[in-house]
Amino acid sequence: MIGVFLCGCDGEVSERIDLKWLGEVAERDPDVGYLETDEHLCSKEAVRKIRSIVESKNLDRIVIAGCSPRTHEKIFDDLASIVEFANIREQAAWVHPEKEEATRVAADILQSAIVRAKLAAELEPVRVPIEPSCLVIGGGVSGMQAASDLSAQGYRVYLVERDERLGGRVKRLSMTFPTISCGFPCRHDCPECELTPKEEELYASEFVEILTSTEVMEVEGRIGDYHVTLRTPEGVREIKVGTVVIATGTKTYDPSRIPEYGYEFEDVITSIELEDLYMKHRFLGGGGELRRPSDDAIPKRVDFIQCVGSRGEKGGNPYCSIVCCLYGIGHARAIKEMHPACEVYLHFTNIQAPYRGFEEYYRESESLGVNFVRGEVKLVEKGEEGLVITYEDVDLQKSFEEATDLVVLSVGQEPSDGAKELAELFYRELDPDGFFTEVNQKIVREDATGVFVAGCALGPRNIRYAVADGKIAAENALALLKKGEFEMEGIMPIVDDTKCIGCNICGNLCYFGAIGVTEEIAEVVEGKCRGCGICAAACPEKAITLTQFDDEEITAQIEVFARAGEVSG
Amino acid sequence: MKILVFCCDWCSYPGADLAGILRLEYPSEVRIIKVMCSGRVDLMLVLDALRQGIDGVMVTGCHPGECHYVHGNMEAERRIELLRSIFERSGINPRRVRIEWISASEGEKFAEVTRAFKQEIDEIGPINQGEIDAAEIIHDVFSSERARLVLGASRRAIELEGVDPLWYKGVLERTVREEVLRERILRELRKTGALSAHELAERIGEPAKEIFWNLIAMKRRQIILDIGIVDDSLKFAIQEGV
Amino acid sequence: MRIGVYVCHCGINIGATVDVKKVAEFASHLKDVVISREYSYMCSDPGQELIKKDIRELGLDRVVVASCSPRMHEPTFRTAVAEAGLNPYLFEMANIREHCSWVHDDRERATEKAMHLVAGSVYKSKLLEPLEPMQVGITKKALVMGAGIAGIQTALDIADSGFKVYLVERSPSVGGKMAQLDKTFPTLDCSACILTPKMVDAGRHPNIELMTYSEVIDIDGYVGNFRVKVLKKPRYIDIEKCTGCGECASRCPVDVPNEFDEGIGIRSAIYIPFPQAVPLKYTIDRDSCIRCGTCKNVCKRDAIDYDQTEEIVELEVGAIVAATGYDLMDVSSREEYGYGRFDNVITGIEFERLCNASGPTGGKILTKDGREPKDVIFIQCVGSREIGGNEYCSRFCCMYTAKHAHLVEDRIEGGKAKVLFTDARAYGKGFEEFYVRVMEEGVDYFRRDHDKPVSVTEREDGKLIVTATALDGSPIELEGDMVVLATAATACEDAFEVSRLLNISRTGDGFFMEAHPKLRPIDTPSDGIFLAGCSQGPKDIPDTVAQASGAASQVLNLLAQDSTTGSPSVSEVNQDICIGCATCFEVCPYGAIEMERLEVGWRAKTNEVVCKGCGICAGECPALAINVKHFTDEQIINKIEGVLADLNEVVT
């Protein structure tokens, strides 16, 4: 028996729709055994009331007529085994000013919801167990953080890193900005000091297995039960995990793609090579010195070029790489501090300094004597005397052609190699730039994959945010792991094996690998299905039915609308 | 007049909600059916609506590239495009079906496109019996294996096998047109028992030669059988159990 | 050195123009000639005996015969010389008939020329060396190209005698044109009933390896030792796994015209051409396949393999039979017949498909819109016996038209057949009787003047009108519902390419040329290559089968031998002089030169089995390191000296 509950929404609906008449329409349906109208159905009291009515009247299915299910679906969801919604507020009351008209529309909407309630099948929720382990792909700061958080809760973690060592890009940095000093005697605030303890901690953990020089080859399975094949130096190995964190980071832009920046010359280097220079001198005992590659001389002039391969400059990637402004400024002032006589120029388009402390840092650098030049760098070439840089100063409306000793290219970030392959393995989407996307970009709903992405794999990030991401991904994974099982959304294709001819059209259409022919007929991988129903719409034999959006239910709704005038008129 | 709008759960349904939240008025002839993805909208459902007398059907989904299910909206577009080209030759006004992209933030667009659609249906008038009959036939075509196979395999053929999309579109349209003719032949046979190509040509209004070719094809597929020559023509009847 | 010279009169063939006595007299004066004789017919037994006796008694070590072309009797005399114990390659011939007496009138000058020729041969003979003919083994396998009735019959006959046969067929099934036919004239046997058992036999014969959907792309080697490359086109089906169940075809959504039904019937993109196909294995036509993947997924045996590619198989065979059949002329270019313009103008083979019980209409003769035609007009000699066109008679059209006319009368209630003919040729066993029978059944025959035009037009009511001119000049006008054209049988479209592969010639009509039109109708000038069926010219079924069996027996004669002799006249490389430049390697058309690495460097070497003795290598060798045995530089120079010598000087 169906119970119908009409909500007036404090006048939002009741003033625009004749609820009394609507109730009469509902009651004409012989299957409707109970009708109740309330002005505020989503209130605690009303919900309590519905619950008791459902119990006392023995209602197995109810229809809530009021606002969009997107507003309050969760409030009513577990009140009966089948709950249908008639969205008479957004689709009738609010869009048709004529009361009579709105009422007529609402009546159709209500009837179609009642029909759905009649036809809906009672579903046993699908629960899949979650293997209590996690695979973290990528051993940079983000992945290390995720691994550390997950292992701290006692879950088994496989930390896979393609490189020989953990630490990722951060490991190559000589210092981080804007905090530049941790005190006497060291004045570098080098990432090494932060990373090394973390690395040791991970190696020490009994729950973490670190697999360096290792790559993911193949993935099978679904949320809670992934079988991952790894290529390790010792050979191929298969592991079984319940959740996955992808933290594969980025790679730096290759500046030889912009020939006018003269990267071919010895004294034109990337920012990351600048880091290497510092590190080299540090290990050689040179300490706070910068010597250029060609002749080991301390440069008298250094020019930084910003946005190399970012923001669409000279055909580079369209997006901002986020970190370059700060490290550019950081290096510029570090050089100025080390060698006050050295002239430092920084050629930029816009300085993006939106984070805490960054703006101040930028202003300070100006006062330290770094020359900030807004405008395009036209050419870096090698003259007889050495490097010559031709650039524009937009503020002065003038072009310059000047000799310089060292050019540093502030290169941006790009999706790391293999991101596409990895995305395909895990049925993940990439954005047009080639970075991973969050599970749901638009509306964050419950995740049904058990795969989380963290750090720069999602797009350029600075260290702080990459670490935070690692924590978030770990939190998400932990939430799943702690529950131990996952309840699937009820929408699910069901294959009628007497009809299925095994043509695998469903398999080719399903992006998520949730359905397909393995032996002779199509099979559904429950944990992978996201319920879109493309398979059902395309099945040549109509052998696939959907548990919530079945043909029968939809055609019944169509029939209600087609017959509308006859019934309610 | 009745207009049916299929909305996907991720973009156009929230878009319609937003139209409500913004109190944007749109035609009261509009009725909404929610599906998870526009790719769920089987053409059979669209045709079911038309044959039941609904005057216009609009499928709405996420903008290209934004489908929550990656390419469901593209499948929907392929289907609606096919339907429109079939309608052109079947006596149904192709403007009765359309596809629109509406994001969750485009409440205004939802109201606009429904208004425009209403206006268009106003222009072409209510669906007539001829169109309803044709929709019935095409509905049955899209309920049967052959048309569904060719349509369903589009993506595999074009994306995975690299078949020329234009060529495939031609094959698809030709197959559906053939199936429409065969369905009409079947209906006549069901009504009358046994008929020759000529008798069918008179009833259907298509050339006897084309009908005969299709009769031979249907016989090969064991849908019909020939019952021998009667009155100087080969007659065909429906195979038992079809 | 002791040379014997024998000058032949060849009756009056030589004697009438050349003073034979004088030539013999002249020869006797040549140095080292110990005996010089003349005789009326040297090739006769007494003539040969003359030579043998002299060899024995006079101890001749060189023999020169001046007579006809060596192409005629060199083998005869070589055998005679060998019988007398002399190496046959110490024999030399002077062609004073074809190259002298038959082409000159002036007796004196002809006689002089004959003397020159004899002198040349005598001079050359002095440098001849004894050679031993090579014994070459025979690959005891045969290749049959084309698996129509001719190819099937040939293959079965060879295979039944215990030899392995590769039967290569271009289309997916064996059967050829005969498989398309309904009944066969004049007995009205059902074509399929008599052909199908043979097809099945060919398919499962342990000695026949069937290679369907395959084409021969290269043939190399020589009699007894051919190397053949066969291109297996991808069927996209693993024929080991395919059981022919047909599930795939029933699901395939593609409907396209079936070539086997001449476009009247319909098939899927995955198909067998007809239900009795051998092998019963499906093929995917990738041109019409839409790549929907359904067949692959519904196949329970997992037999479908979209990734299949062309495969080239190399075969070794001793003999080859070309049974590649014929094509039917495309009549759409002949506008007067209206084919392609009017739906119900069809060809004879299309009519066969209509009549065939397993054809698209289930054996009912119907127009394109499914009606039974009452008046059917048959036009004969469409494209045959035309000056400037196909001048030959296509041979089987008269009789199959009689058969078709009979079927119209027999199968169509109230049906009437009208035949517009030139001559009714009923030349075989039971043919005339059948022709008479058909006329008695009521078929009307209208004789037309073949030189006058025929035209087919369509009236507004759909009736077809055929106009022609009778022999007396009066007009003929026939009205009907259907017109059937007996189109000419022509050589296969690619007959030229195939003839190049086989290294055989074609006659002016495009069909393959036999070695002799009367006495060697099955052989070709290329040893070890034989012809069967319509590849040699239009034939009816009995003639085709007879020729096929004939070809099989020719093959068997060859394969029954253990070896065949190869000519010892092959090239020889003097490796002491060879500079290893590989010029010979480059120019040899047969790949008979091998380069070998010696201590001194690369050196050329002849593969004597492969070498055909053409001598191109010798002509090209910059180091003069190559000679062709029996045609060495020295031998040729000597011959030139003899031919050009001052006759008086030579004698004295």
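Residues numbered from 1 in each chain as written. Chains lettered and ligands numbered in written order. Predicted model: local features only at pLDDT ≥ 70, side-chain atom pairs only at ≥ 80, totals over all residues. Heavy atoms only, no water.

(A) Spatial organisation of the sheet that holds strand 2 (residues 30-35) of chain B. Residue and element names in this part refer to chain B. One open sheet holds the 4 strands; their spatial order is 2-1-3-4, and the pairing between them is parallel. The open sheet is flanked by strand 2 and strand 4 (97-101), the only strands paired with a single partner. The sheet shows a mean angle of 20° between the axes of neighbouring strands, taken without regard to direction. With 5 bridges connecting them, strand 3 (residues 56-61) and strand 4 associate as parallel partners. Within strand 4, the residue paired with Thr60 across the bridge is Glu100. This element, helix 1 (residues 12-21), spans strand 1 (3-8), strand 2 and strand 3 of the sheet and lies at about 115° to strand 1. Running at roughly 155° to strand 4, helix 3 (residues 72-88) makes contact with strand 3 and strand 4 of the sheet. (Pairing = 2+ DSSP bridges. Helix = DSSP H or I, 4+ residues; strand = E, 2+ residues; numbered from the N terminus. Axes fitted to C-alpha atoms, helices over the stretch in contact; angles between N-to-C directions. Contact = heavy atoms within 4.5 Å.)

(B) Spotlight on the interface of chain B and chain A. Between chain B and chain A, the contact holds 56 residues from the first and 56 residues from the second. In this assembly, chain B packs against chain A so that about 4900 Å² is buried in total across both faces, 59% of it on carbon and sulfur atoms. The interface formed by chain B and chain A holds 4 salt bridges in total. Between B:Asp17 and A:Arg70 there is a salt bridge, with its nearest N and O atoms 3.4 Å apart. Inspection of the chain B/chain A interface yields 19 residue pairs in polar contact (both at pLDDT 80 or more). Elements that contribute at least two residues to the side of chain B that touches chain A include exactly strand 1, helix 1, strand 2, helix 2 (43-51), helix 3, helix 6 (145-152) and helix 7 (154-160) of chain B. In terms of residue count, helix 1 of chain B provides more of the side of chain B that touches chain A than any other element does, 7 residues in total. In the side of chain B that touches chain A, the residues fall into 29 nonpolar, 10 polar and 17 charged. (Buried area = accessible area lost by both parts, 1.4 Å probe. Salt bridge = Lys/Arg side-chain N within 4 Å of Asp/Glu carboxyl O. Polar contact = N/O pair within 3.5 Å; in protein donor to acceptor, adjacent residues only side chain to side chain. Nonpolar A, V, L, I, M, F, W, Y, C, P; charged D, E, K, R; others polar.)

(C) Spotlight on the sheet that holds strand 20 (residues 345-347) of chain C. Residue and element names in this part refer to chain C. With respect to topology, 5 strands assemble into an open sheet ordered 20-27-21-22-23, the strand pairing being parallel. At either margin of the open sheet sits one strand with a lone partner, and together these are strand 20 and strand 23 (444-447). Geometrically, the sheet is characterised by an average inter-axis angle of 25° between neighbouring strands, direction not taken into account. With 5 bridges joining them, strand 21 (residues 375-382) and strand 22 (residues 416-421) adopt parallel strand pairing. Bridge assignment links Asp375 to a residue of strand 22, and that residue is Lys416. In this fold helix 11 (residues 348-355) packs onto strand 20, strand 21 and strand 27 (482-487), with an angle of close to 90° to the strand it touches most, strand 20. The strands touched by helix 12 (residues 397-411) within the sheet are strand 21, strand 22, strand 23 and strand 27, with strand 21 carrying the most contacts at an inclination of about 180°.

(D) Quick peek at the confidence of the model for chain B. Chain-level statistics for chain B give a pLDDT mean of 95 and a share of 100% at 70 or above. For chain B, per-element mean pLDDT is lowest for helix 7 of chain B, which scores 92, and highest for strand 3 of chain B, which scores 98. (pLDDT = per-residue confidence, 0-100.)

(E) Focus on the environment of A:Ile64. Mapped onto the fold, A:Ile64 is located in strand 3 (residues 61-66). Contacts of A:Ile64, omitting those with residues within four sequence positions, involve A:Phe5, A:Leu41, A:Ile50, A:Phe76, A:Val83, A:Glu84, A:Phe85 and A:Ala86.

(F) Examining the pairing of strand 3 (residues 62-67) of chain C more closely. Residues and elements named next belong to chain C. Of all 6 residues in strand 3, 6 are buried, a share of seventy percent or more. Where burial is concerned, the two faces of strand 3 agree: the one with Arg62, Val64 and Ala66 and the one with Val63, Val65 and Ser67 are both buried. In the sheet, strand 3 pairs with strand 4 (residues 91-95) via 5 bridges, with the strands oriented parallel. What sits directly across from Ala66, in strand 4, is Ala94. Once the chain exits strand 3 it traverses helix 4 (residues 70-83) before rejoining the sheet at strand 4, and the crossover so formed is right-handed. (Buried < 20%, exposed > 50% of the residue type's maximum accessible area, 1.4 Å probe, protein only. Right-handed = clockwise from strand over helix to strand, strands pointing away.)

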